[in-house]
Amino acid sequence: MRVRLGDLSRSVPVNRDTRRHPLVRPGDTAGRVGLRLVGRVGVTVARVIARFPRTSFSLFAALLLVDRVGWVLPALALAVLTVAALVWRLACPSSYARWLGRPLRSWWARWVRYAPRWRGLMTRHDLAVVDGDVLVWPGLRKVRSSDYRDALLVKLRAGQKPDHLADASESLAHALGSQAVRVRTHRPGYVWLDVTRRDPFTRPMSRLPVPASAGAVDLTALPIGRREDGALWLLRLLGTHVFVAGATGAGKGSVIWSTLLRLGPAIAAGLVQVWAIDPKGGMELFPGRALFTRYEDSHLGAMVQLLEDAAEFTRDRAARLKGVTRRLTPTVDMPFVLVLVDEFAFITAYVTDKKLQGRADNAVQILASQGRAPGVGLMVALQDPSKEVVPYRNLFPSRIAMRLDEPQQVDMVLGDKMRTRGAYCDLIPESLPGVGYVKLEGTRDPFRVRAEYIDDDVIDGLARDYPAPAGMPVPLLGQHTESGLDIAADIPTPARLGDGELSPEWAVFSADYQRRHATNGTSGIPMGLD
Ligand SMILES: Nc1ncnc2c1ncn2[C@@H]1O[C@H](COP(=O)(O)OP(=O)(O)OP(=O)(O)O)[C@@H](O)[C@H]1O
């Protein structure tokens, strides 16, 4: 690789003629030329030292050492240090990675991978700006390299904003041979450019913690998957509402079930109630019905009624808690209630009966606007983020977009400019179900995640081990049943409704859904419940 010092500098004159100060001018004596040459070399060396003080002084110290003691001793010392580093790496990989591996890799990435081509990258992607009579470009300030990505801290030039880099991110990704380049805001004037080198989600995910007791369930941080940087993806339910969108087979089910898996002990202890609606006739949620305090999956009217009951409950609780507390701490007497709706659009945007649609709409508005403080959360999933559902999006502070069919749908789900900021949901391959992007209220940038896959055996175990306590009103299959019904005992094996039992619009949807699923076999990574 050819390194040009010009690439490492921070600016060049706009008009190259101003640089033309020839070394040899007409009438010059040899002495003058020599002096000019020494002067120029001196200035260049001083510039390099000022620009790269650590590297320059390390090099200088090494040369001094070789000069004083010869090369044998330093070479031996280097060999001993290398062996020590290898032993360290084998004995304690995590501390090695933290203290030596990553800093070395970051140093290498900065000076070998990025710095030599930085100027070309910036100018060719129209990221250089004219400042007075010089051309300047965003400065590369720091690189943090991990197994999967390089994070580049970039200083913006006056007149630039993060969106300028975001707009160029797709072409930068191609230029760098990266899967994706995303822009994260750091602080005013600085952004992180995340350059993905390998997709961490192509590897099987290690199992995530499952809370052993109700006390271990943290409603503000349920571990339901991994973030791209390797950290746990912690989903907040208390004080927010969650909107999940994704094409068929995108893995919305894994978000729902990994959430329910982490709620299990709290559900069984009565600290959390889940009121569930599955317009697909129970195809998604029915196997977990024992977990649900209320459940509807067949009649539209009953589903809307459940939403209205939840809205009424929310209003009532908000009135009771008025002046007492601003945020609920769930107890058995005052549980957190999660209203879970699969295929949300089918009970809101797509309902043809205007009266029912109005009722559902009202209930959703009340739940979304008043539920956060009194401990009522709404979690909805939907397949088709069309413009009809966009108005609902703003009611949900936490949004998750999984694989989507069209690039425009990304902003429909996550919010404006989110695709530009790197949420490439339309580029998620079908071979990676469960992968998506999350946008949280109060944060500027989306982040990439993969939900843990929960298989049918785990779901059966979850429903068996953590049923909602009996003694609650438990309406089942569209019929309002009175309290005291132990549903786990009543319906031991999962049953599915036939299309004939569904109302006409659900029958059409259900038939279409089954047809699509019959040809949509996707493989999963099995993960069991211990
Ligand atoms: N996180 C995941 N990891 C690995 N595989 C997964 C994951 N999530 C889902 N899958 C696989 O993808 C298939 C489809 O997932 P899922 O049913 O959750 O999609 P969906 O978005 O709910 O689809 P639909 O809207 O059609 O119901 C699953 O049967 C499973 O094989």
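Here the residue numbers are simple positions, counted from 1 along each chain's written sequence. It should be noted that, the model being predicted, local features are given only for residues of pLDDT at least 70 and side-chain atom pairs only at 80 or more, the latter also being counted only at that level, while totals for whole chains, interfaces and linings use all residues.

1. Here we look at the overall build of the protein
Moving on, step 1. Tallying secondary structure elements over the protein gives 15 helices and 17 strands in all.
Moving on, step 2. Once C-beta atoms are placed from the backbone, each residue is buried if 20 or more other C-beta atoms lie within 10 Å of its own, exposed if 12 or fewer, and partly exposed for counts between those two. Within the protein, the fraction of its 530 residues that count as buried is 36%.
Moving on, step 3. Contacts spanning at least 24 positions in sequence make up 68% of the contacts within the protein whose residues lie at least 6 apart. Under the DSSP-based scheme used, a helix requires at least four consecutive residues in state H or I and a strand at least two consecutive residues in state E, with every element numbered from the N terminus. Think of it this way: build a C-beta for each residue from its backbone, and any pair within 7 Å is a contact.

2. Description of helix α5 (residues 93-124)
For an α-helix, 3.6 residues make a turn, and residues three or four places apart therefore share a direction.
Moving on, step 1. In this analysis, the expected span of each helix is defined as 1.5 Å times one less than the number of residues it contains. Helix length check: α5 (32 residues) gives 40 Å between terminal C-alpha atoms against 46 Å at 1.5 Å per residue, more than 12% under.
Moving on, step 2. We define the bend at each residue as the angle formed by axes fitted to the 7 residues ending at it and the 7 residues starting at it. Along α5, the sharpest change in direction is near 60 degrees and occurs at Trp118.
Moving on, step 3. Three or more residues of α5 are buried, namely Ala109, Arg110, Trp118, Arg119, Leu121 and Met122.
Moving on, step 4. The positive-phi residue at the C-terminal boundary of α5 is Asp126, with phi of around 60 degrees.

3. What about the sheet that holds strand β4 (residues 139-145)?
Across a sheet, strands are paired by hydrogen bonds formed along the backbone, either parallel or antiparallel in direction.
Moving on, step 1. Taking strand neighbours across the sheet as the criterion, the 4 strands line up as β4-β5-β7-β6 in an open arrangement whose pairing is antiparallel. Strands at the two margins of the open sheet, each flanked by one partner only, are β4 and β6 (180-187). Geometrically, the sheet is characterised by an average inter-axis angle of 25 degrees between neighbouring strands, direction not taken into account.
Moving on, step 2. Criterion used throughout: strands pair if DSSP finds at least two bridges between them. In terms of strand pairing, strand β5 (residues 149-155) meets strand β7 (residues 190-196) through 7 bridges, oriented antiparallel. Residue pairing in the sheet places Asp150 in a bridge with Val195 of β7.
Moving on, step 3. Orientation is described by axes fitted as lines to C-alpha atoms, over the contacting stretch for helices, and by angles from 0 to 180 degrees between their N-to-C directions. Each of β4 and β5 is contacted by α5, which is oriented at about 145 degrees to β4, the strand it contacts most.
Moving on, step 4. Against the sheet, helix α7 (residues 169-176) contacts β6 and β7, and its axis sits at roughly 120 degrees relative to β6.

4. Section: the pairing of strand β11 (residues 272-277)
Moving on, step 1. Counting buried positions along β11 yields 6 of 6 residues, so the element is predominantly enclosed.
Moving on, step 2. With burial as the criterion, each face of β11 is covered, one bearing Val272, Val274 and Ala276 and the other bearing Gln273, Trp275 and Ile277.
Moving on, step 3. Across 6 bridges, β11 lies against strand β13 (residues 336-341) in parallel orientation. Considered in β13, the bridge of Trp275 is made with Val339.
Moving on, step 4. In this sheet, strand β12 (residues 292-296) lies alongside β11 in parallel orientation, the contact comprising 4 bridges. Residue Trp275 lies in a different strand from β12, and its bridge partner there is Arg294.

5. Some details on the domain arrangement of the protein
Moving on, step 1. Each domain's limits were defined by an automated method or a database of domain assignments. Taken domain by domain, the protein holds domain 1 (1-17 + 91-200) and domain 2 (227-518).
Moving on, step 2. Taken together, the contact between domain 1 and domain 2 spans 10 residues of the former and 8 residues of the latter.
Moving on, step 3. Those elements that place two or more of their residues in the side of domain 1 that touches domain 2 are α6 (162-167) and β6.
Moving on, step 4. With 5 residues, β6 is the largest single contributor of residues to the side of domain 1 that touches domain 2.
Moving on, step 5. Polarity classes work like this: nonpolar for Ala, Val, Leu, Ile, Met, Phe, Trp, Tyr, Cys and Pro, charged for Asp, Glu, Lys and Arg, and polar for all others, with Gly in that last group. Residue composition of the side of domain 1 that touches domain 2, grouped by class: 4 nonpolar, 2 polar and 4 charged.

6. A look at the sheet that holds strand β17 (residues 447-451)
Moving on, step 1. With mixed pairing, the 10 strands of this open sheet are ordered in space as β9-β8-β17-β16-β15-β10-β14-β13-β11-β12. Unpaired on one side and paired on the other, β9 (232-235) and β12 mark the two borders of the sheet. Neighbour-to-neighbour, the strand axes of the sheet open up by a mean angle of 25 degrees, direction not taken into account.
Moving on, step 2. Alignment of strand β8 (residues 222-227) against β17, held across 3 bridges, turns out to be antiparallel.

7. Here's the deal with the packing of helix α4 (residues 72-91) against α5
Moving on, step 1. Where α4 meets α5, the closest approach of the two axes is 6 Å, and the angle between their N-to-C directions is 135 degrees. With respect to α5, the axis of α4 lies oblique. Contacts between α4 and α5 involve Ala85, Trp88 and Arg89 on the former and, on the latter, Pro93, Tyr96, Leu100 and Gly101. The labels follow the angle: roughly parallel below 35 degrees, roughly antiparallel above 145, roughly perpendicular from 65 to 115, and oblique for the rest.

8. Digging into the environment of Leu156
Moving on, step 1. With respect to the helices and strands, Leu156 occurs in the loop between β5 and α6.
Moving on, step 2. Accessibility expressed as a C-beta count within 10 Å gives 20 for Leu156, which makes it buried.
Moving on, step 3. Separated by 19 residues in sequence, Leu156 and Trp137 have C-alpha atoms that sit 7.8 Å apart.
Moving on, step 4. Setting aside anything within four residues of it in sequence, one finds Leu156 in contact with Pro138, Gly189, Tyr190 and Val191.

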